[in-house]
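As a plain string of letters, each chain reads:
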Amino acid sequence: MRSKPPSGNTPPRPAQKHGTMQPSGSRYGLALLVTLASTLSLSAQQPSPQQVQAFLQQPGAAAAVRERISGSGLTPEQIRTRLRENGYPQSLLDAFLDNTLANDPNDTLAVTPSHLAAMRALGLAMAPSVPESVDSVLHDLQPTTSSRIFGVDVFRRTTTQFRPLLAGPVPQDYQLGPGDILVLILTGDVELTLQLAVSREGFVLIPQAGQVYLANLTLEQARGVVTDRLSRVYSGVHRGDGATTLVDLSVVSVRAVQVYVVGEVNRPGAYQISALGTILTALYAAGGITELANPRAVAVRRGRRTATTFDLYQYLLAGNTGSDIRVENGDVIFVDVRTRRVEVNGSVLRPALYDLLPPETLTDLIAAAGGLLADATRTRLAIERVVPAVQRTLIGPQRVTLDVPLPAASAEIPPVPLEDGDVITVFSIPDAERNSVTIQGNVYLPGRFGLEPEMTLSLLVARAGGLKPATYDVRAHISRVNRTDQTRRIMAVALPPDSTSLWLEDPLLEDRDSVVIYSRLEMRADRMVSITGAVNDPITVPWRDGITLRDLVLEARGLAPGAWLDSAEIARLPENRGNGELATTLRVPLDSTYLFDRDSLGRPLGPPGPAFRGSGTPEVPLAPWDNVLIFQQPGFEYQRIVSLLGEVRFPGMYSLRTKHDRLSDLIARAGGVTGGGYLQGARFLRVAGDVGRLDVDLSAALRNPGSAADIVLQPGDEIDVPEFQPSVRIEGAVNSPGSVLWERGKKLDYYISAAGGVTLTGDQSHASVRHANGHIETRRGGFLFFGGHTPSPQPGSAVFVPLKEERPARDNSTIVAALASMIASTATILVALLR
């Protein structure tokens, strides 16, 4: 029978809150930090830079920065001074010094990782509740520059965070301690799940079983101790086979330990990290080592003894993490200052600055640098050294260069002792290639070839695949180095005319000879032929042997409509230019066979006319640089289109029959003007030449065909005969704009009065009339009673009264004074004459 656990054996758990209250006031930004801390602390994964960046973009992040600065007690000037001393721009945090926005949760000022880095440099950490993992991600977001010191950059890469794996089982050798959260599961006769926290004294409290001491025990050892204790309460629990109640104990949350990272690290201080963390974890939390650090001896001091000394190079160069032990609470990780640092440059795999241990030599340095490259010279290397202080004299050298010979038959580097500050240079072999010859030009495989014993020019040409066609066989060039001064000289040699002929000149080649084979095509200017005129695509193409006029017309996509099929003209370069002749012209016959397009019956498609003389025209060979002109048929032109609209019997788009068609001819073809057409209002617009509107008298043109009023039509002309409208429209500055019935003989003023007269701002003296045909008349004033003109509106006209122009007030005192002076002078003259 399954036994039941005693009642009340499960300790009460605190009630969980299913909601949060948003903080207000100046605590809004700090509350966001705490929320982020709690969220990321409960996550089993490392927070990503994207998560932290998203947090920084929240409105309350700026409020948290303002709150932290205002609570520091530092004045703005002190903050700027400290920023400048730490290498930051002194105005970096000026935007956060305004406390008037500290209580605004909607503050939109952006917080960047650079701002937080400056805060840390000032000792103003954002909040102690922000976990170390978040702080390290914030550090990763900082822009960094590459360091030449080997091992420093490994802590600057955001992908290298040295984080312990918090998910999954803990290692077998993990020792339990205060702060660990365990889960105890009983299955079988008793079904029970308990969450147990290891107290500060190292105990866990198991209901009905009491306190059990688990500190410093591995998980396997703790399972045994817990099983023994539970066997006193539950009869089915015991070690070995036959147990009816199984016991399982696992770690669900690893405790945090506090370690101190001091010395040459970027952010020395105390850090809380996971108990699974190692030396590398602590170094990364502190921002990595500085450029003054000695990465070869990172000491872990535990109490009064040194627990281990970690050599970072063992991890970086050999992947050895044997000394990267897990840290414990209270450990001090100390990074000492560098002692012996040397630099290696040149032809090695990893040029950099390296820290050396006391027994290490040049051999170890080259090995740490990855060894020599393939192009490294194997004869010597150089060491630039500052003479040690004990060896310097007042007149002796302060710096020396040591030449280290390398054994020619061995790849080993001699174990030369090195001093702090040494600079080692590994030289590369010269770029100039030896024991080779090159060939370029008119061969199939140009390039560099190895120089063989007794190698001749013909053998090199054969190695290069042979001569291409059109080789200039009269002369090739060999560029040879003069042994005395290393200058070059040219040697000319003749080549065989073809591949079957013997080589009459076949010199031996020497080291670094350069052979050039020339092609006749390279010496030939581009020979072209062109065709213009009545073709679809006037072009210029390269001349090819055998090309004819018919071929060139075909390449020009055939003759254009209207091409004259009687003949064409060819302009050819003259053979003799003695008389200043520029070209010789030839007339060559054409026929319908030059029309390449055909209809469904096979007949040529082209313009009709006498030019079709049948076929049989001979082919016309073309010479280089010929210029062919295809003539247009005399008088050929596409239809001329004019537009006739309005009150005619048949309005539409008409094609002119001849170039001499007149306005009356067009009206007659359209059936004449309808009874409602208004001839005096006909509007005429000429598009050709951008002439625009023309004043035409359609009545006169129809009464007297061929007269001056009956104008000759041009392509694009537009004629519009409007409908008779017995009214006049009045617009502008009148009291009652609108239309008034037309009355014969009435002047402009009559219609303005019919519209209620001019307004106070109207200018009747400048009123105008636009007649139905588009002609505009304006009022003209005369002198006294002579020369005035007032237009008479016609049916369909429009009267327009403009506004008065606003003129600036003038000072008339000068005019009055001048008139007074003139009157006085006139009076004086009259008085003199009367006497």
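As a reminder, the structure under discussion sits directly above these lines.
Cut-off values and rules
- Each chain has its residues counted from 1, running along the sequence as written.
- Only residues with pLDDT of at least 70 are given local features in this predicted model, and only at 80 or more are side-chain atom pairs given and counted; all residues enter the totals for whole chains, interfaces and linings.
- Side-chain figures throughout are based on the complete set of non-hydrogen atoms in the structure, without hydrogens or water.
- In this text, helices come from DSSP runs of H or I with a minimum length of four residues, and strands from runs of E with a minimum of two, each type numbered from the N-terminal end.
- Whether two residues touch is decided by their heavy atoms; if any such pair falls within 4.5 Å, the residues are in contact.
- Under the rule applied, a polar contact is a pair of N or O atoms within 3.5 Å (in protein, one hydrogen donor and one hydrogen acceptor; residues adjacent in sequence only if both atoms are side-chain atoms).
- Two strands pair under a simple rule: DSSP has to find at least two bridges between them.
- With axes taken as lines fitted to C-alpha atoms, and helix axes fitted only over the stretch in contact, angles between N-to-C directions fall between 0 and 180 degrees.
- The term salt bridge refers to a pairing of a side-chain nitrogen on Lys or Arg with a carboxyl oxygen on Asp or Glu at a separation within 4 Å.
- Here the term buried applies to any residue with accessible area under 20% of the maximum for its type, exposed to any over 50%, and partly exposed to those in between, with areas from a 1.4 Å probe on protein chains only.
- Note on aromatic pairs: the rings of Phe, Tyr and Trp (six-membered ring only in Trp) are paired at centre separations within 6.5 Å, and the planes decide the class, stacked below 30 degrees, edge-to-face beyond 60, tilted for the rest.

Inspection of the secondary structure puts Thr227 in helix H7 (residues 219–230). The spacing of Thr227 and His238 is eleven residues in sequence and 6.3 Å in space, taken between C-alpha atoms. Once you skip the residues sitting within four places of it in the chain, Thr227 turns out to touch Val237, His238, Arg239 and Val247. Polar side-chain contacts of Thr227 include one of 2.7 Å to the backbone oxygen of Arg223.

Here five strands make up an open sheet; going across it, the order is E32-E31-E35-E33-E34 and the pairing mixed. Looking at which strands have only one partner, the edges of the open sheet turn out to be strand E32 (738–741) and strand E34 (776–778). Strand-to-strand twist in this sheet, taken as the mean axis angle between neighbours without regard to direction, amounts to 25°. By the bridge criterion, three bridges tie strand E33 (residues 768–770) to strand E35 (residues 798–801) in an arrangement that is antiparallel.

Time to look at the pattern of salt bridges. Tallying each qualifying case throughout the model produces 31 salt bridges. Residue Arg302 pairs with Asp331 through a salt bridge whose shortest N-O separation is 2.7 Å. One end of the pair, Arg302, is in strand E8 (residues 293–302); the other, Asp331, is in the loop between helix H9 (312–318) and strand E10 (332–337), and 29 residues separate them in sequence. Each member of the pair, Arg302 as well as Asp331, carries the same accessibility label: buried.

Moving on to helix H5 (residues 113–121). Counting buried positions along H5 yields seven of nine residues, so the element is predominantly enclosed. Every buried residue of H5 is listed here: Pro113, His115, Leu116, Ala117, Ala118, Met119 and Arg120.

In space, the five strands of this open sheet follow the order E12-E11-E15-E13-E14, with mixed pairing throughout. Across the chains shown, the open sheet's two edge strands, defined by having one partner strand only, are strand E12 (352–355) and strand E14 (399–405). Along the sheet, successive strands turn relative to each other by an average axial angle of 25°, direction set aside. The sheet contact formed by strand E13 (residues 376–386) and E14 spans seven bridges and is antiparallel.

It is worth spelling out the pairing of E12 at this point. Burial along E12 is two-sided: the residues Ala352 and Tyr354 and Leu353 and Asp355 are all buried. Note that strand E11 (residues 341–346) and E12 share four bridges and pair antiparallel. Following the sheet pairing, Arg341 is matched in E12 by Asp355. Following E11, the chain reverses through five residues before pairing antiparallel with E12.

The next point concerns the pairing of strand E2 (residues 192–197). Burial along E2 is one-sided: Leu192, Leu194 and Leu196 are buried, while Thr193, Gln195 and Ala197, pointing the other way, are not. Bridge analysis of strand E1 (residues 181–188) against E2 gives six bridges, and the strand direction is antiparallel. Bridge pairing links Leu186 to Leu192 in E2. Hairpin geometry of E1 and E2 is characterised by an intervening segment of three residues between the two adjacent antiparallel strands.

Trans peptide bonds make up most of the peptide bonds, and negative phi angles are found at most residues other than glycine. With a phi close to 65°, Asn216 is a non-glycine residue in the positive phi region. Mapped onto the elements of the fold, Asn216 is located in the loop between strand E4 (210–213) and H7. With phi around 65°, Ala470 is a residue other than glycine that occupies positive phi space.

The geometry of an aromatic ring pair is captured by two quantities: the separation of the ring centres and the angle between the planes. Tallied over the full model, the rule gives eight aromatic pairs. Measuring from ring centre to ring centre gives 5.2 Å for Phe150 and Tyr313, while their planes differ by 80°; the resulting arrangement is edge-to-face. A residue pair is termed long-range when its members are at least 10 positions apart, and Phe150 in the loop between helix H6 (132–140) and E1 and Tyr313 in helix H9 qualify at 163 residues. Judged by its relative accessible area of 14%, Phe150 falls in the buried class.

With respect to the helices and strands, the residue Leu460 is situated in helix H11 (residues 457–463). A C-alpha to C-alpha distance of 9.1 Å links Leu460 and Val515, two positions 55 residues apart in sequence. Not counting residues within four places of it along the chain, the set of residues in contact with Leu460 comprises Val437, Thr438, Ile439, Phe449, Met455, Leu509 and Val515.

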